[in-house]
Amino acid sequence: MARTEILDVRVPGEETTARLGRAAEVIKRGGLVAFPTETVYGLGANAFDEEAVGRIYEAKGRPSDNPMIAHIARPDDIGLLAKSTSPHMEKLAKAFWPGPLTMVAAKRDEVPRRVTGGLETVAIRLPDHPVAAELIRLAGIPLAAPSANLSGSPSPTKAEHVIADLDGKVDIILQGGPCHIGIESTVVDMTASPPCVLRPGIITREDIETCLGEPIAGHSVITTNPQAAAPFDAAPPKSPGMKYAHYAPKATLLVVMGQDAEKTAAELMRLKKQNEALGIRVGLLLAGERSHYEFARDFYAKLRDFDNEGVDMIIAVAPPEVGGITTAILNRLLKAAGNNIVRV
Ligand code: TXA
Ligand code: MG
């Protein structure tokens, strides 16, 4: 593909509507459009067009057994993809859609296996972003879309990240400004009984349990005993995407974990000095005064910034896992670190 059009859709109005109309036409004709969502940018194609979906794998350089999320614009469109809905699904859709929740359900025959990575289930999400909503609505079909990064690099939370990875490989990149959540949606398997969180996110297991009024299943990132801590990946990968280290920066990422804040801080400084003495360029990824939400929002962008600055080693301090959103933060940190963990 020779040229990628970069279309600014940040300011609502006639021009933006016309640009979104053009992007929707490209989707209908089997093309690829990168678009912003509230979590990360997605790379979309017509979910019912096998060839178009195949082009997503090519552009990303992604293994073709890795299933994609189908994005819809109205809750009723679940029926286009899932064989049936359940009272549980309806409750979660009502509570969290539009929003960063993806539900896995038994797929209709019409949904190509290319989208589902050969599985009989399909992942469905209704994003909370005006650009994504309008694009899907104008295209009139669900969009199969993984995150719009090259396979292996951190997820894109700004159009600039998409341009760095995919310029020349896709038809259109929509410039919609930074994503305000910054980490990918929570994926919950609704075919399991009880439902099971396959990928933690901003919508937490606790949020889902409160909504359903009953306990659900999920993986803990680590056990509460730090000595016996098992990394998240010790569990078999139910969600196939979780088995790839696909959030990794080029620099080595080292995560320091411990219950005692003073000890972890001391270990962090020791590691920094030790490595700098060897001529290694070290960057520190610290929460500082920022909330967990802000840490999540900036996380992938920071990894890319460190790579662009030529940092060789990033050292991060993990928040203690206390449930809620810390589970998602720890999950992404440990994935990016390839389980390169120092326990204190
Ligand atoms: O926030 C998000 O979810 C973003 C935006 C663009 O919507 N998308 C995203 O897509 O993160 P991707 O492809 O990077 O991650 C999809 C995740 C993977 O972990 C994949 O294994 C899981 O969803 N998944 C997709 N279909 C599945 C299925 N049928 N069964 C189990 N897991 C599935
Ligand atoms: Mg991804």
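Residues numbered from 1 in each chain as written. Chains lettered and ligands numbered in written order. Predicted model: local features only at pLDDT ≥ 70, side-chain atom pairs only at ≥ 80, totals over all residues. Heavy atoms only, no water.

### A closer look at the pairing of strand β12 (residues 252-257)
Stage number 1. Counting buried residues along β12, five of its six residues qualify, which places the element largely inside the surrounding structure.
Stage number 2. Bridge analysis of β12 against strand β15 (residues 341-343) gives three bridges, and the strand direction is parallel. Across the sheet, the residue bridging to valine 255 is isoleucine 341, located in β15. (Buried < 20%, exposed > 50% of the residue type's maximum accessible area, 1.4 Å probe, protein only. Helix = DSSP H or I, 4+ residues; strand = E, 2+ residues; numbered from the N terminus. Pairing = 2+ DSSP bridges.)

### Some remarks on the sheet that holds strand β14 (residues 313-317)
Stage number 1. The four strands lie next to each other as β13-β14-β12-β15, forming an open sheet whose pairing is parallel. Strands with a single pairing partner mark the edges of an open sheet, and in this sheet they are β13 (282-285) and β15. Adjacent strand axes in the sheet meet at a mean angle of 25° when their direction is disregarded.
Stage number 2. Note that β12 and β14 share five bridges and pair parallel. In the sheet register, valine 256 faces β14, and the bridge partner there is valine 317.
Stage number 3. Seen against the sheet, helix α9 (residues 261-277) touches β12, β13, β14 and β15 and runs at an angle of roughly 175° to β14.
Stage number 4. Taken strand by strand, helix α10 (residues 292-308) contacts β12, β13 and β14, and its axis lies near 175° from that of β13. (Axes fitted to C-alpha atoms, helices over the stretch in contact; angles between N-to-C directions. Contact = heavy atoms within 4.5 Å.)

### As for the packing of aromatic side chains
Stage number 1. A full pass over the atoms with the stated rule returns two aromatic pairs.
Stage number 2. Arranged with centres 5.2 Å apart and planes meeting at 50°, the rings of phenylalanine 299 and tyrosine 300 form a pair that is tilted.
Stage number 3. We classify phenylalanine 299 as buried; its relative accessible area is 2%.
Stage number 4. Site record: aromatic cluster; members linked through ring pairs are Phe295, Phe299 and Tyr300. (Phe/Tyr/Trp six-rings, centres within 6.5 Å; stacked < 30°, edge-to-face > 60°.)

### A closer look at the side chain of aspartate 307
Stage number 1. If you trace the backbone, aspartate 307 turns up in helix α10.
Stage number 2. A polar contact of 2.7 Å, which involves the side chain of aspartate 307, links it to the backbone nitrogen of lysine 250.
Stage number 3. Dropping the residues within four chain positions of it, aspartate 307 is found in contact with Pro249, Lys250 and Ala251. (Polar contact = N/O pair within 3.5 Å; in protein donor to acceptor, adjacent residues only side chain to side chain.)

### Details of the sheet that holds strand β1 (residues 5-8)
The pairing of strands in a sheet comes from backbone hydrogen bonds and takes either a parallel or an antiparallel form.
Stage number 1. Strands sit in the order β1-β8-β2-β3-β7-β4-β6-β5-β9-β10-β11 across an open sheet of 11 strands; the sheet is mixed. Strand pairing shows two members of the sheet lacking a second neighbour, β1 and β11 (217-218), which therefore form its edges.
Stage number 2. Sheet topology note: the strand β3 (residues 42-46)/strand β7 (residues 143-145) ladder contains two bridges and is antiparallel. Its bridge partner lying in β7, asparagine 46 is registered against leucine 143.
Stage number 3. Lying over the sheet, helix α4 (residues 87-96) contacts β5 (101-106) and β9 (186-189), oriented at roughly 160° with respect to β5.

### Section: the side chain of asparagine 275
Stage number 1. Assignment of secondary structure puts asparagine 275 in helix α9.
Stage number 2. On the basis of relative accessible area, asparagine 275 is assigned to the buried category, the value being 9%.
Stage number 3. Excluding anything up to four places from it in sequence, asparagine 275 contacts Ile280, Val282 and Met313.

Read these as geometric descriptors, not functional statements.
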